[in-house]
Amino acid sequence: MRVIASFMVSVMILFVGFYATVMTLLSTGKEQYGVVVAFFVLTLLVFANLLVWDRFSNKAVKYSFIGLISCFILFVVFENVKSWHLKSLQVMSTQDVDLSVYEPFAKDSLVATLDASASFKMEEPLLKLDGSTALYPIFAAFAQAVYPKDLYDSAGSEVQSTQTSGAWVNLMKEESDLIFAPEPPITIQDLAKSKEVQLELTPIGKEAFVFFVHKDNPVSDITLEDVQNIYSGEITNWKELGGKDEAILAFQRPEDSGSQQMLMKVMGAKRLMEAPKDQQVTGMGGIIEETLDYENRKNAIGFSFRFFSETMVQNNKIKHLSINGVSPSITSIQEDTYPFVSPFYAVHLSTSTNPNLVPFLEWMQSDEGQTLVEKSGYVPYYK
């Protein structure tokens, strides 16, 4: 009977254990978790058989079982605490930004408004707008100013943000009429050439590309060369910049994001180092928890655009670095004294036939449109 019981218990534990191990690997993608689960299953298998064969009453066996189970529980608790800690440090995930607060015509919307009705009012067919997350507040404000409220469909929304990469895709597929983004990456320019269409760029405003660190980091000012050396992997420790003796974690974004494209532009002829995609943090910096988000660690450096990191994501644990002694401010952007100032554009394809396109572009460049840029918190291009 004990042989049959042992066999049945073993088969059941192995079946459930195999399923649990596979699901753990699929859900976490981490081999070490699968190893731990497999080890736990084997532990249960051994001690279950000892129980069947009446060997569990031995003190050494009991203490061994308690010790191994305790180690497993401690591992689970440690991993959950670590995960909670890392999530509490995140500051740059677009998932942390509720864009619905800038929804056109929504109750209590934070979208900026003009003091009087706009001189231009759009009629059907309404333009389908898309763009970068960091620019959603301004093109949502444009839409609210000129779109007819009774024709605007918030459910099927003519105004959306699918982030920079998604916006470019939608434009090239002609699923959007106009997008708001930084200058197009080479890949998009090449795609446009292959489709034999022109990308028409209309500058609407100016923005600063910023680098940020933890507020307790003693480093507050670095040079352009320092930035290039950090992201090429030549500077790997904060002490080289007058800070603490800590490795620099230099976070990056996906290659097709607007901010990553700006970083590549800042690098110039310097080779951008490859960012690790797993938990391993090398001497050249790294990415933690297999995420492309930035995490507000005291030895980390990240990048974004001024309005996004200063207004859309409000976090008192970061500070913007001055570059070559100049801080990213409205004034330094207006005067082009901050090193990393660039226009943002309203972009459409040369093949667009929507009759509202040209008058809408002209209105955005007018005093009214530029006032709305300023009231939204960005820097006007034409003032």
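Refer to the structure presented above.
Residues numbered from 1 in each chain as written. Predicted model: local features only at pLDDT ≥ 70, side-chain atom pairs only at ≥ 80, totals over all residues. Heavy atoms only, no water.

Draft legend 1. Here's a closer look at the pattern of salt bridges. Scanning all chains against the criterion turns up eight salt bridges. Note that Lys375 and Asp115 form a salt bridge whose closest N and O atoms lie 3.2 Å from each other. On the criterion of sequence distance, the pair formed by Lys375 in helix 12 (residues 367–375) and Asp115 in the loop between helix 3 (59–89) and strand 1 (129–131) is long-range, its members being 260 residues apart. Notably, a salt bridge pairs Lys173 with Glu175, separated by 3.6 Å at the nearest N-O pair. (Salt bridge = Lys/Arg side-chain N within 4 Å of Asp/Glu carboxyl O. Helix = DSSP H or I, 4+ residues; strand = E, 2+ residues; numbered from the N terminus.)

Draft legend 2. Representation of the packing of helix 7 (residues 224–232) against helix 8 (residues 258–267) within the structure. Direction vectors running N to C along helix 7 and helix 8 enclose 115°, while the axes themselves pass 9 Å from each other. Taken as axis vectors, helix 7 and helix 8 run roughly perpendicular relative to one another. Note on packing geometry: the crossing formed by helix 7 with helix 8 is left-handed. Of helix 8, the residues touching helix 7 (which contributes Leu224, Val227, Gln228, Tyr231 and Ser232) are Leu263, Val266 and Met267. In terms of residue class, the contact of helix 7 with helix 8 is made up of six nonpolar, two polar and no charged. (Axes fitted to C-alpha atoms, helices over the stretch in contact; angles between N-to-C directions. Parallel < 35°, antiparallel > 145°, perpendicular 65-115°, else oblique. Left-handed = near helix turned anticlockwise from the far one by under 90°. Contact = heavy atoms within 4.5 Å. Nonpolar A, V, L, I, M, F, W, Y, C, P; charged D, E, K, R; others polar.)

Draft legend 3. Molecular detail of the packing of aromatic side chains. Within this structure, the stated rule accounts for 18 aromatic pairs. When the ring of Phe142 is compared with that of Phe360, the centres are 6.4 Å apart and the planes differ by 90°; the resulting orientation is edge-to-face. Of the two residues, Phe142 is situated in helix 4 (residues 136–146) and Phe360 in helix 11 (residues 357–365); the sequence distance between them amounts to 218 residues. For the pair formed by Phe142 and Phe360, the shared burial category is buried. Centre to centre, the rings of Tyr338 and Phe340 are 5.9 Å apart; their planes meet at 85°, and the pair counts as edge-to-face. Here Tyr338 and Phe340 have matching classes, each one buried. Three or more aromatic residues joined by ring pairs make a cluster, and in this case those are Phe120, Tyr136, Phe139, Phe142, Phe180, Phe360 and Trp363. (Phe/Tyr/Trp six-rings, centres within 6.5 Å; stacked < 30°, edge-to-face > 60°. Buried < 20%, exposed > 50% of the residue type's maximum accessible area, 1.4 Å probe, protein only.)

Draft legend 4. Expanded view of a nonpolar patch on the surface. Taken together, the side chains of Ile4, Phe7, Met8 and Val11 define a hydrophobic patch exposed on the protein surface, amounting to about 430 Å² of accessible area. Within the secondary structure, Ile4 sits in helix 1 (residues 2–28). (Patch = residues over 30% accessible without salt bridge, like charges linked within 9 Å, V, L, I, M, F, W, Y side chains within 5 Å. Areas by Shrake-Rupley, 256 points an atom, 1.4 Å probe, with all protein chains shown as cover.)

Draft legend 5. Just the nonpolar core, in detail. Counting residues in each nonpolar core, the largest one holds 41 residues, and the members touching the most others are Leu129, Phe142, Tyr147, Phe360, Trp363 and Met364. The set of elements that each furnish at least two residues to this core consists of helix 4, strand 2 (178–181), helix 9 (306–312), strand 9 (341–349), helix 11 and helix 12. Apart from residues no more than four positions distant in its own chain, Leu129 is found in contact with Phe139, Ala143, Tyr147, Glu158, Val159, Gln160, Leu178, Phe180 and Phe360. Counting residues in each nonpolar core, the second largest holds 29 residues, with Trp238, Ile248, Met262 and Ile323 among its members. (Core = buried A, V, L, I, M, F, W, Y, C linked by side-chain atoms within 4.5 Å.)

Draft legend 6. Examining the side chain of Ser376 more closely. Relative to the assigned elements, Ser376 resides in the loop between helix 12 and strand 10 (379–380). Taking relative accessible area as the criterion, Ser376 reaches 10% and is therefore assigned buried. Setting aside anything within four residues of it in sequence, one finds Ser376 in contact with Ala112, Pro137, Ile138, Ala141 and Phe307.

Draft legend 7. Structural context of the environment of Phe18. Locating Phe18 in the fold gives a position in helix 1. In this structure, the C-alpha to C-alpha distance between Phe18 and Ala38, residues 20 residues apart in sequence, is 7.6 Å.

Draft legend 8. Spotlight on the pairing of strand 6 (residues 300–305). Where burial is concerned, most of strand 6 is hidden: six out of the six residues are buried. One ladder, built from two bridges, connects strand 5 (residues 249–250) with strand 6; its direction is parallel. Bridge assignment links Ala250 to a residue of strand 6, and that residue is Ile301. (Pairing = 2+ DSSP bridges.)

Draft legend 9. View of the pairing of strand 2. Burial along strand 2 is two-sided: Leu178 and Phe180 facing one way and Ile179 and Ala181 facing the other are all buried. Two strands pair when backbone bridges link them, and strand 1 and strand 2 are joined in this way by three bridges, in the parallel orientation. Note on strand 2: the bridge partner recorded for Gly131 is Phe180. Of the pairings in the sheet, the one linking strand 2 to strand 9 comprises three bridges and is antiparallel in character. When the sheet's bridge partners are listed, Ala181 is paired in strand 9 with Tyr345.

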